[in-house]
Structures are given as C-alpha cells and as structure tokens.
Amino acid sequence: MAKKSKKMQEALKKVDATKAYSVEEAVALAKDTNIAKFDATVEVAYRLNVDPKKADQQIRGAVVLPNGTGKTQKVLVFAKGEKAKEAEAAGADYVGEADLAQKIQGGWFDFDVVVATPDMMAEVGKLGRVLGPKGLMPNPKTGTVTMDVTKAINEVKAGKVTYRVDRNGNIHVPIGKVSFDNEKLVENFKTIHDVLVKAKPSAAKGTYMKNITVTTTFGPGVHVDSASF
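Sequence order as written defines residue numbering, which begins from 1 separately in each chain. Predicted model: local features are reported for residues with pLDDT of at least 70 only, side-chain atom pairs are reported and counted for 80 or more only, and whole-chain, interface and lining totals are derived from all residues. Values reported for side chains reflect all heavy atoms of the structure, with hydrogen atoms and water molecules removed beforehand.

A. Representation of the packing of helix 2 (residues 23–32) against helix 8 (residues 182–198). At a closest axis distance of 10 Å, the pairing of helix 2 and helix 8 adopts a crossing angle of 125°. In terms of axis orientation, helix 2 runs oblique to helix 8. As for the relative orientation of helix 2 and helix 8, their crossing is right-handed in sense. Here helix 2 contributes Val23, Glu24, Val27, Ala28 and Lys31 to the contact with helix 8, which in turn contributes Asn182, Leu185, Val186, Phe189 and Lys190. Taken together, the residues of the contact of helix 2 with helix 8 break down into six nonpolar, one polar and three charged. For helices, the axis comes from a line fit to the C-alpha atoms of the stretch in contact; other axes are also lines fit to C-alpha atoms, and the angle between any two N-to-C directions lies between 0 and 180 degrees. In DSSP terms, a helix is any run of H or I states spanning at least four residues, a strand is any run of E spanning at least two, and both are numbered starting from the N terminus. Oblique is the label for any angle not under 35 degrees, not over 145, and not in the 65 to 115 range, which are roughly parallel, roughly antiparallel and roughly perpendicular in turn. Crossing handedness is read from the near helix: turned anticlockwise from the far helix by less than a right angle, it gives a left-handed crossing, and turned clockwise, a right-handed one. What makes two residues a contact is simply this: any of their non-hydrogen atoms within 4.5 Å. Gly falls in the polar group here, along with every residue not listed as nonpolar (Ala, Val, Leu, Ile, Met, Phe, Trp, Tyr, Cys, Pro) or charged (Asp, Glu, Lys, Arg).

Rendered as structure tokens:
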C-alpha cells in the first residue's frame with residue numbers, strides 16, 4: 001500500500017470519516033483539505049442503488065452548471081454547408097467533416113467535446129472505437145447530436161457537464177474549481193443533485209442515493225448528508 005504524503009495525512013485529520021456533512025460544510029472542507037499546488041477541480045461522486053445492466057436503470061444526460069466549471073472546453077463540430085458556417089460563427093474550435101475524422105483516426109484528440117449534426121453521424125459512427133472509450137462520442141441524450149449547433153456550442157462553453165452511471169452504479173461530475181466561491185460550488189452541486197434526483201428510475205428500489213462524496217483532485221473525500229439538500 002502506497003504511503004500517504006505528509007500533506008495528505010494532515011488533510012485526512014481534518015475529515016471525520018464517520019460523519020456526513022451538510023452540503024455547505026462538505027464543500028468548505030473539501031476546499032480546506034485541497035493539497036494540490038494548482039487550481040484543482042472539485043468533483044462530486046454519487047453511488048446509486050441502480051442496476052446499470054438493465055436498460056430502464058441507465059442514467060445519462062447533461063446539464064449546464066449555473067456557475068460553469070472553470071474549464072475552457074474545446075469544441076469540435078462535425079457539420080457541413082450552412083451548419084458548418086453556423087458552428088464557426090458560434091465559436092466552435094474545430095469544424096469539419098471527413099478531414100477531421102481522418103485526423104482523429106490518426107490519434108489527434110486536442111478537443112474536449114464533440115458535437116455533430118444528425119446527417120454527419122454516418123461519418124462519426126466510424127469513430128466509435130476511438131471516441132467511445134474516451135467518452136467523446138456524440139449522443140442525442142447529452143444534446144451533442146443536434147441541428148441546433150449554436151445552442152450546443154453555447155451550452156458547452158457556458159459550463160455544460162455530462163453524467164453517466166458506470167457499471168458499478170457510480171456517477172462522477174466536476175462542479176468547479178477550488179478558486180470558486182463556496183456559494184458558487186454549492187449552487188452547482190445542488191443543480192447536479194436536483195437533476196439526479198429527478199432521474200431516479202421507477203424500477204430502482206430501496207435507498208436511491210447510497211453515498212455522496214465531494215473531493216478535490218488530490219484531496220480526501222468528504223461524505224455529504226443527502227438530507228442537507
């Protein structure tokens with residue numbers, strides 16, 4: 001087992017592992033126990049009582065955080081004709097067709113989000129094996145397969161985040177940076193929480209949210225009391 005650094009040991013002393021903190025306390029404590037030398041990301045993790053193997057218990061979507069994520073997202077858009085011009089005008093970082101697909105096949109990934117118009121999905125579908133594992137494949141459920149490319153680009157630039165339950169029933173979502181005011185992080189956190197509450201599958205039985213944690217990039221996890229929302 002790897003030995004914990006002195007900074008991590010000091011940070012862990014500040015967190016009561018047996019306690020579930022209010023959302024406000026948890027966010028403040030996560031920031032206080034941040035040990036990174038850079039402006040670390042603040043992330044929330046949910047352990048849900050769902051069975052992702054069942055189609056009716058898949059949870060996936062996207063939401064625009066009211067205070068953004070603190071990260072500038074590079075957007076790549078697969079579009080042609082007028083829609084390509086629209087994407088460029090909306091501020092897309094890269095716009096193209098087969099030329100971009102070929103570039104990606106060659107190992108280029110200098111972008112964070114991929115948007116595509118429906119008529120381009122035949123071309124984009126060929127990239128499933130390279131985009132899929134990286135979570136970059138456009139999907140109608142996350143608003144990244146659309147004819148309204150302007151809206152899609154604006155939402156990403158404004159702080160849109162995607163969420164998807166993994167095979168173990170967990171969801172991880174960034175809610176901002178350590179440099180954010182506590183109030184802004186809490187507001188982003190509550191936005192994610194509300195969305196996930198509404199996404200509860202009718203087939204899910206028992207306690208839906210089994211565990212909620214907030215943490216920074218290298219900091220310890222802080223348990224959050226779901227009742228505090």
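What follows picks up the thread again.
B. Geometry of helix 2. When accessible area is computed with a 1.4 Å probe and restricted to protein chains, residues below 20% of their type maximum are described as buried, those above 50% as exposed, and intermediate ones as partly exposed. For helix 2, the set of buried residues is Val23, Ala26, Val27, Leu29 and Ala30. What you see down the axis of helix 2 is that its buried residues fit within an arc of 165°, all on one side. Contacts made by the buried residues of helix 2 are with helix 8, strand 8 (209–216) and strand 9 (222–223). Throughout, the arc means the angular range of directions from the helix axis out to the C-beta atoms.

C. Molecular detail of the sheet that holds strand 4 (residues 94–96). For two strands to be treated as a pair, DSSP must find no fewer than two bridges joining them. Read across the sheet, three strands follow the order 4-3-5 without closing on themselves; strand pairing throughout is parallel. Looking along the sheet, the strands with just one partner apiece sit at the ends: strand 4 and strand 5 (113–116). Across this sheet, the average inter-strand angle for adjacent strands is 15°, counted without regard to direction. Strand direction decides the pairing type here: strand 3 (residues 75–78) and strand 5, joined by four bridges, are parallel. Paired with Phe78 across the two strands is Ala116, which belongs to strand 5. Packed onto the sheet, helix 4 (residues 98–105) meets strand 3 and strand 4 and runs at close to 125° relative to strand 3. Strands in contact with helix 7 (residues 149–158) are strand 3 and strand 5; relative to strand 3, the strand with the most contacts, it is inclined by about 165°.

D. How the structure looks around the domain arrangement of the chain. How far each domain reaches was decided by an automatic or database domain assignment. The domain architecture assigned to the chain consists of domain 1 (17–68 + 160–224) and domain 2 (75–157). Each side of the interface is counted separately: domain 1 has six residues, and domain 2 has seven residues. Summed over both partners, the accessible surface that disappears when two parts come together, traced with a 1.4 Å probe, is what is meant by buried area. A combined buried area of about 590 Å² lies between domain 1 and domain 2, and 52% of that area is made up of carbon and sulfur atoms. What makes a salt bridge here is a side-chain nitrogen of Lys or Arg within 4 Å of a carboxyl oxygen of Asp or Glu, nothing more. Linking domain 1 to domain 2 there are one salt bridge.

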